[in-house]
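# Topology and contacts: notes
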Amino acid sequence: LPDKRIVALSDAMVQPLEDEFPGEYNRDSTRVFFAIRALAQRINDEANGWLATLGLNSGSYNHLITLYAAGTDYLLTQNEIRLLVHTTHASVAQMVRRLQRDGLVKRTKNPRDARSVVVKLTPKGIRLMQTAAPMHHKMIEQKLKHVSTADRRRLMDLLLQVNRGFEEATPE
């Protein structure tokens with residue numbers, strides 16, 4: 001019954017909230033939000049499981065694949081990584097330190113801007129990604145095997161629409 005982990009908000013759970021907040025509480029919106037959060041957590045948990053066999057987790061993989069996809073020099077500034085991975089400066093700095101400690105990346109001052117740091121995959125990091133990327137993609141394809149290409153595209157469009165709500169300024 002793995003679907004119960006996603007569709008966990010029953011009418012009995014939602015009804016008291018609708019009663020308490022009439023006209024303000026939309027059960028469909030709440031269910032969608034809950035399902036997205038639950039599925040995101042499940043994706044993260046499962047990816048951590050299969051990536052662990054390579055000594056990675058979803059966070060380290062996201063940083064490394066971003067560098068790997070950056071072109072043949074495998075090089076980005078920490079700020080570029082932050083923007084592409086959708087995280088904070090502090091999180092990128094911490095992850096890059098850990099990846100450098102493991103010999104997967106090298107940090108240097110940016111020759112074009114001494115205020116920033118450039119991060120580059122090491123040969124060890126490149127070899128790891130040459131193994132990790134195809135394995136990770138194979139697992140993604142297995143998880144999405146029940147979703148047609150057309151539905152994947154439609155889902156992406158819907159997720160982008162949801163994301164627009166997060167990009168708008170929140171009223172205080």
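An account of the accompanying structure is given in this report. This structure is a prediction, so every number in the text was calculated from the model and none was measured. (Residues numbered from 1 in each chain as written. Predicted model: local features only at pLDDT ≥ 70, side-chain atom pairs only at ≥ 80, totals over all residues. Heavy atoms only, no water.)

Taken as a whole and judged by the stated rule, the model has five salt bridges. The closest approach of N and O atoms between E46 and R42, which form a salt bridge, is 3.4 Å. Of this pair, E46 and R42 both sit in helix α2 (residues 27–52), separated by four residues, roughly a single helical turn. Salt-bridge contacts for D113 lead to R115; the nearest nitrogen and oxygen are separated by 2.9 Å. According to the relative accessible area criterion, D113 is partly exposed, its value standing at 24%. Linked through salt bridges whose partners overlap, the residues forming this network are R42, E46 and K143. (Salt bridge = Lys/Arg side-chain N within 4 Å of Asp/Glu carboxyl O. Helix = DSSP H or I, 4+ residues; strand = E, 2+ residues; numbered from the N terminus. Buried < 20%, exposed > 50% of the residue type's maximum accessible area, 1.4 Å probe, protein only.)

This part takes up the nonpolar core. By size, the foremost hydrophobic cluster in this structure holds 25 residues, and its most contacted members are L56, Y61, L64, L67, I81, V105 and L121. Residue assignment for this core shows that the elements contributing at least two residues are α2, α3 (58–68), α4 (78–85), α5 (89–101), β3 (113–121) and α6 (123–143). Looking at this core, the element that brings in the most residues is α6, giving six residues. Setting aside chain neighbours within four positions, we find L67 in contact with Y74, L75, L76, I81, V105, V119 and L121. (Core = buried A, V, L, I, M, F, W, Y, C linked by side-chain atoms within 4.5 Å. Contact = heavy atoms within 4.5 Å.)

Our focus in this paragraph is the side chain of H136. Note on placement: H136 falls in helix α6. With residues near it in sequence (within four places) discarded, H136 still touches A47, W50, L51 and Y61.

Right, let's talk about the sheet that holds strand β2 (residues 105–110) for a bit. Taking strand neighbours across the sheet as the criterion, the three strands line up as β1-β3-β2 in an open arrangement whose pairing is antiparallel. For this open sheet the edge positions go to β1 (75–77) and β2, each flanked by a neighbour on one side alone. Strand-to-strand twist of the sheet, defined as the mean angle between neighbouring strand axes without regard to direction, takes the value 30°. In terms of strand pairing, β1 meets β3 through three bridges, oriented antiparallel. (Pairing = 2+ DSSP bridges. Axes fitted to C-alpha atoms, helices over the stretch in contact; angles between N-to-C directions.)

Along the chain, L158 falls in helix α7 (residues 149–167). We classify L158 as partly exposed; its relative accessible area is 34%. Along the backbone, L158 and G55 are 103 residues apart, and their C-alpha atoms lie at a distance of 33 Å.

Pairing analysis gives six bridges linking β2 to β3, with the strands arranged antiparallel. From the neighbouring strand, R107 faces β3, where its bridge partner is V119. Between the end of β2 and the start of β3, which pair antiparallel, lie two residues.

Here the focus is the packing of aromatic side chains. Taken as a whole and judged by the stated rule, the model has two aromatic pairs. Ring geometry for F33 versus F166: centroids 6.1 Å apart, planes at 15°, classification stacked. Within this pair, whereas F33 is found in helix α2, its partner F166 is found in helix α7, the two being separated by 133 residues in sequence. A relative accessible area of 43% places F33 in the partly exposed class. Since its relative accessible area comes to 56%, F166 is described here as exposed. (Phe/Tyr/Trp six-rings, centres within 6.5 Å; stacked < 30°, edge-to-face > 60°.)

The next subject is the packing of α3 against α4. Here α3 crosses α4 at 115°, and the two axes come no closer than 10 Å. The orientation of α3 relative to α4 falls into the category roughly perpendicular. Read as a crossing pair, α3 and α4 show a hand that is right-handed. Here α3 contributes N62, H63, T66 and L67 to the contact with α4, which in turn contributes I81, L84 and V85. Looking at the contact of α3 with α4 residue by residue, the class counts come to four nonpolar, three polar and no charged. (Parallel < 35°, antiparallel > 145°, perpendicular 65-115°, else oblique. Left-handed = near helix turned anticlockwise from the far one by under 90°. Nonpolar A, V, L, I, M, F, W, Y, C, P; charged D, E, K, R; others polar.)

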